[in-house]
Amino acid sequence: MSSATTDQATGRYARSMTALLRGTLRLDVWINRVYPTDFNPLYYTGGLSNLFLLTLVLSGIFLFFYYEASLGSAFASIQYLTERVPYGGVIRGVHRYAADGFIVGILLHLFRNWFTDRYLFARDNPWISGMFLLLFAGFVGVTGYQLVWDERAQLLTTLVVAMLYSIPAAGQGLVHLLLGGVGVSDTTLVRLLYLHIGPASALYAFLWWHYLRLRHPKIWPPGVWTLFCVGLVFLLAGLIPVTRDAIPPSSPAARPTHFPMDVFFMLPFWFMNILPAGGVVALLVLLFVGGLAIPYLSRRETPAQMEVRHAGVAQVVDGNCTGCELCYYDCPYNAIVMVPSPGRGLTKAAANRTLLAVVIESRCVECGICIGACPFEALELPKLMERDVLNQVSLAMQT
Amino acid sequence: MTEPTVVGFICDWSVDLKPLSEGGHLRELPHVRIIRVPCSGFVRPSWLEETLTRGAAGVFVTGCPYGDCLNREGNFLMRDRIEQLHRRLQRRKVDPARVAMLAFGLHDGPGFLAQVKAFVERIASLPAPAPARGGRPTVAQPAGASEGDAS
């Protein structure tokens, strides 16, 4: 009886995921009516995120040189930067809006790749690193808002401390580590500055992991989208200055109770309106762990339903491989490596080979692109061999 | 059979074949046979040649829209390989127009059908193909007896 209900549940899950897949691709159809497919922005969500990240790094380096990490001068230094330094306010705005663009890009990238099954098989590697990228990006965003040290930052710090306190056992220690003492002091801001820049640098380590199994990753959007996005960020920075909210500087006497929202970074803090701090922490942990589990627990289709798309890990036919490296160049997942050939091949073309292709099974996603690359019949998908395809051709010609 | 047989290698992820096909051929164009493949990049260009050799009037590969290949690069690679195949066919005095690369997404059924129809019409206007031959085409062009009437 329980298995029946589970079947029903997976059935409902599979149906909703299929609906989301169809919806995602339906959206593409609409966008492709406006733009040629080469310029569909949804095909470049990863590249757009990377572009925003570079914008953030460059504008952040500029901001860094003006920032003073102490309670007394943090807000003043940012005020000086915004009002006195030529274009300082614009660069600050660029940093703010590019951060929003970064999160939007990451989320679009995440949902698109989730809904279109691009996390299956060996593609859990970019998925897992992507979850860490999202986590770190969100964290960096929050510490960025804290660095300004206005009343919003003060309230944010209070909320973060409350969230940390709610963590059993480790909470008190974490608060002590974050604040650099029992209360907020100059040390706190130094730590926040590090917690802003350190994890932001770590994003590049995660990006390396993200790209590790991808050959020719699309890390930049098309040139026109680069211009558009950078232009948009500058335009927003000019039209809606970040000082519009006019948040007063933080002071020990101030007891701020609300702040202007940035939905992309402060959503967890909004949830503290309806949930206790511990609940929000639990929710975030649950989302993160759930995200990590997606490639392993969620299956839209059973292997039987995937049919030809689950034809087994590509196998090298040793006797035919000439070591020509074509499959090695074409594999989109770096799943094929060339090793020194241990012996001669059987065919004439393979007799004098010096290299042999080897498929690393844990990286193979069973797409079969290497089969199309190989002119020597030296690669096969076990459940869809060349023989099977040619049989189907014969069958098609007969009927 | 008046209509010449056309074989399509269609990526399982690209155009949705359920409403378009039955029993291995397109419903509207019964002479267009369908072979489903895991990715357009899976198709070995020699198979396309082989299909022509076995008597098909034309053969096409359908992948996802360019830029949206499930496997990132399959359709781009296949487009390049078919371009190479076109040059090779030209040298072998086979009309390259008999081999085509199409790119259509899950919801692009009507566009796909329209383009297949255009492809079929274009082939029908070409001079009759060489009669079908058996055997493997990749090594040499065997000048065997015609089996075209049988198949």
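Owing to the predicted nature of the structure, the values given are computational and were not obtained by experimental measurement.

Scoring rules and cut-offs
Residues numbered from 1 in each chain as written. Chains lettered and ligands numbered in written order. Predicted model: local features only at pLDDT ≥ 70, side-chain atom pairs only at ≥ 80, totals over all residues. Heavy atoms only, no water. Domains from an automatic or database assignment. Contact = heavy atoms within 4.5 Å. Buried area = accessible area lost by both parts, 1.4 Å probe. Polar contact = N/O pair within 3.5 Å; in protein donor to acceptor, adjacent residues only side chain to side chain. Nonpolar A, V, L, I, M, F, W, Y, C, P; charged D, E, K, R; others polar. Core = buried A, V, L, I, M, F, W, Y, C linked by side-chain atoms within 4.5 Å. Buried < 20%, exposed > 50% of the residue type's maximum accessible area, 1.4 Å probe, protein only. Patch = residues over 30% accessible without salt bridge, like charges linked within 9 Å, V, L, I, M, F, W, Y side chains within 5 Å. Areas by Shrake-Rupley, 256 points an atom, 1.4 Å probe, with all protein chains shown as cover. Salt bridge = Lys/Arg side-chain N within 4 Å of Asp/Glu carboxyl O. Helix = DSSP H or I, 4+ residues; strand = E, 2+ residues; numbered from the N terminus. Phe/Tyr/Trp six-rings, centres within 6.5 Å; stacked < 30°, edge-to-face > 60°. Arc of directions from axis to C-beta. Disulfide = S-S within 2.5 Å. Axes fitted to C-alpha atoms, helices over the stretch in contact; angles between N-to-C directions. Parallel < 35°, antiparallel > 145°, perpendicular 65-115°, else oblique. Pairing = 2+ DSSP bridges. Right-handed = clockwise from strand over helix to strand, strands pointing away.

1. Structural notes on the domain arrangement of chain A
Residues and elements named next belong to chain A.
- As far as domains go, chain A holds domain 1 (35-297) and domain 2 (305-398).
- Each of domain 1 and domain 2 was reduced to a C-alpha centroid, and the two centroids are 44 Å apart.
- Facing nine residues of domain 1, the contacting portion of domain 2 comprises 14 residues.
- Looking at the side of domain 1 facing domain 2, the largest losses of area belong to Phe121, Arg213 and Arg215, adding up to 65% of the total buried there.
- Put simply, domain 1 and domain 2 have five residue pairs in polar contact (both at pLDDT 80 or more) between them.
- Of the residues belonging to the side of domain 1 that touches domain 2, the class tally is five nonpolar, one polar and three charged.

2. Quick notes on the nonpolar core
- By size, the foremost hydrophobic cluster in this structure holds 54 residues, and its most contacted members are Leu379 of chain A together with Phe9 and Leu48 of chain B.
- Ranked by size, the runner-up nonpolar core spans 53 residues in total, among them Ala74, Leu147, Leu155 and Ala237 of chain A.

3. Details of a nonpolar patch on the surface
Residues and elements named next belong to chain A.
- Where nonpolar side chains cluster on the molecular surface, the patch consists of Val104, Leu108, Met261, Val263, Phe264, Leu267, Trp270, Ile274, Leu275, Leu283, Leu284 and Leu287 and spans about 1000 Å² of accessible area.
- Elements represented by at least two residues in the nonpolar patch include exactly helix 4 (88-115), helix 10 (263-271) and helix 11 (277-297).
- With four residues, helix 10 is the single largest residue contributor to the nonpolar patch.
- With respect to the helices and strands, Leu284 occurs in helix 11.

4. A closer look at the packing of aromatic side chains
Residues and elements named next belong to chain A.
- Enumeration according to the criterion identifies 21 aromatic pairs over all chains in this entry.
- Taking the centre distance of 5.9 Å and the plane angle of 35° together, the rings of Phe132 and Trp209 count as tilted. Of the two residues, Phe132 sits in helix 5 (residues 124-147) while Trp209 sits in helix 8 (residues 186-211), which places them 77 residues apart along the sequence.
- Accessibility expressed as a relative area gives 23% for Phe132, which makes it partly exposed.

5. Considering the interface of chain A and chain B
- Between chain A and chain B, the residue contacts involve 50 residues of the former and 43 residues of the latter.
- Between chain A and chain B we count seven salt bridges in total.
- The residue Glu307 of chain A makes a salt bridge to Arg36 of chain B at a minimum N-O spacing of 2.1 Å.
- When contributions to the side of chain A that touches chain B are tallied by element, the ones reaching two or more residues are helix 1 (2-34), helix 14 (369-373) and helix 15 (386-398) of chain A.

6. Concerning helix 3 (residues 74-83) of chain A
Residue and element names in this part refer to chain A.
- Listed as buried for helix 3 are Ala74, Phe75, Ser77, Ile78, Leu81 and Thr82. Projected onto a plane normal to the axis of helix 3, the buried residues spread over an arc of 160° and lie on a single side.
- In this fold, the buried residues of helix 3 make contact with helix 2 (45-64), helix 4, helix 5 and helix 8.

7. Here's the deal with helix 1 (residues 45-53) of chain B
- By the criterion of burial, helix 1 of chain B is predominantly enclosed, with nine of the nine residues buried.
- Among all positions in helix 1 of chain B, only Pro45, Ser46, Trp47, Leu48, Glu49, Glu50, Thr51, Leu52 and Thr53 of chain B are buried.
- Here the buried face of helix 1 of chain B lies against helix 14 and helix 15 of chain A together with strand 1 (6-11), strand 5 (58-63), helix 2 (74-91) and strand 6 (99-103) of chain B.
- Of the residues trailing helix 1 of chain B, Gly55 of chain B is marked for its positive phi of about 115°.

8. Some points on the state of the cysteines
- Scanning the model with the defined rule gives zero disulfides over all chains in all.
- Here Cys364 of chain A stays free of any disulfide, with the sulfur of Cys370 of chain A as its closest cysteine sulfur at 6.3 Å.
- For Cys11 of chain B, which is in no disulfide, the shortest distance to another cysteine sulfur is to Cys64 of chain B and amounts to 4.1 Å.
- A relative accessible area of 4% places Cys11 of chain B in the buried class.

9. Some points on the packing of helix 3 of chain A against helix 4 of chain A
All names here are of chain A.
- Put simply, helix 3 and helix 4 touch, their axes get as near as 5 Å, and they point 110° apart. The orientation of helix 3 relative to helix 4 falls into the category roughly perpendicular. Side by side, helix 3 and helix 4 meet where Ile78, Leu81 and Thr82 of the first sit next to Gly88, Gly89 and Arg92 of the second.
- Looking at the contact of helix 3 with helix 4 residue by residue, the class counts come to two nonpolar, three polar and one charged.

10. Regarding the pairing of strand 6 of chain B
All names here are of chain B.
- Most of strand 6 sits out of view: four of its five residues are buried.
- Relative to strand 6, strand 5 runs parallel, the two being bridged by five bridges. The partner of Val59 across the bridge, within strand 6, is Val99.
- Traced from strand 5 through helix 2 to strand 6, the parallel crossover comes out right-handed.

11. Re the pattern of salt bridges
- If you walk through the whole model with that rule in mind, you get 18 salt bridges over all chains.
- Its salt-bridge partner being Asp16 of chain B, residue Arg22 of chain A comes within 3.4 Å of it at the nearest N-O pair. You can see Arg22 of chain A sitting in helix 1 and its partner Asp16 of chain B sitting in the loop between strand 1 and strand 2 (21-22), one on each of two chains.
- For Asp330 of chain A, the salt bridge identified is with Arg81 of chain B, shortest N-O distance 2.8 Å.

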